[in-house]
Amino acid sequence: MLSARNRMTRSTDFDATVRRGRKAVQPDLVIYMRRATGDPKFGLIVSRSVGSAVQRHGLSRRLRHVARDLVAELNGSEHVVVRALPSSRDLPSARLSEQLRAGLRRIEAAGTKR
């Protein structure tokens, strides 16, 4: 699981990342990232439109597992918010990982062009 120090829990962190962060849209995920202070953090947004509580929690567990593997690859203190779209409900972890990595690469590439 994702360690407590790498979980985004404060709504102000979510808001700042979504509003001021860079964004990448994938077929089943929307990824927001911004530079901040402290440890790298991941936050998840899995709304009711994704499915029942059981489906949402299952998806959240898979996304946290994928995020745990990516924490070491983040540069410094980046904050990442992952918004799950309804189509992500039944995706396997491998596909979620591919889309999350692709989105993060796209954001990094866009940041270096500025």
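Residues numbered from 1 in each chain as written. Predicted model: local features only at pLDDT ≥ 70, side-chain atom pairs only at ≥ 80, totals over all residues. Heavy atoms only, no water.

## Describing the nonpolar core
Consideration 1: By size, the foremost hydrophobic cluster in this structure holds 23 residues, and its most contacted members are Leu29, Phe42, Leu63, Val80, Leu100 and Leu104.
Consideration 2: Within the residue set of this core, elements represented by two or more residues are β2 (29-35), α2 (53-70), β4 (78-84) and α3 (93-113).
Consideration 3: With five residues, the top contributor of residues to this core is α2.
Consideration 4: Core analysis: the second largest hydrophobic core is formed by five residues, Met8, Phe14, Tyr32 and Val81 among them. (Core = buried A, V, L, I, M, F, W, Y, C linked by side-chain atoms within 4.5 Å. Buried < 20%, exposed > 50% of the residue type's maximum accessible area, 1.4 Å probe, protein only. Helix = DSSP H or I, 4+ residues; strand = E, 2+ residues; numbered from the N terminus.)

## Focus: the environment of Arg48
Consideration 1: Structurally, the position occupied by Arg48 is in the loop between β3 (41-45) and α2.
Consideration 2: Residue classification places Arg48 among the exposed positions, given a relative accessible area of 72%.
Consideration 3: With 38 residues separating them along the chain, Arg48 and Pro86 place their C-alpha atoms 8.7 Å apart.

## Observations concerning the sheet that holds β4
Across a sheet, strands are paired by hydrogen bonds formed along the backbone, either parallel or antiparallel in direction.
Consideration 1: The four strands lie next to each other as β1-β2-β4-β3, forming an open sheet whose pairing is mixed. Pairing within the sheet leaves two strands with one partner each, and these edge strands are β1 (22-25) and β3. Each strand of the sheet is rotated relative to its neighbour by a mean of 20°, with strand direction disregarded.
Consideration 2: Two elements, β2 and β4, share seven bridges in a ladder whose sense is antiparallel. Within β4, the position partnered with Leu29 by the bridge is Ala84.
Consideration 3: Docked against the sheet, α2 engages β2, β3 and β4, running at close to 160° with respect to β3. (Pairing = 2+ DSSP bridges. Axes fitted to C-alpha atoms, helices over the stretch in contact; angles between N-to-C directions. Contact = heavy atoms within 4.5 Å.)

## Topic: the pairing of β3
Put simply, side chains in a regular strand alternate between the two faces of the sheet.
Consideration 1: With five bridges connecting them, β3 and β4 associate as parallel partners. Counted as the bridge partner of Gly43 is Val81 from β4.
Consideration 2: For the crossover from β3 across α2 to β4, the handedness is left-handed. (Right-handed = clockwise from strand over helix to strand, strands pointing away.)

## What to know about the environment of Ala4
Consideration 1: Tracing the backbone shows Ala4 in the segment before α1 (11-20).
Consideration 2: Ala4 sits in the exposed class, given a relative accessible area of 62%.

## Some thoughts on the environment of Gly103
Consideration 1: Position of Gly103 among the secondary structure elements: in helix α3.
Consideration 2: Sequence separation of Gly103 and Ala4 is 99 residues, and the distance between their C-alpha atoms is 23 Å.
Consideration 3: Beyond its immediate chain neighbours, meaning those up to four positions away, Gly103 contacts Ala24, Gln26 and Ile31.

Such coordinate-based values are descriptive only and should not be taken to indicate function.
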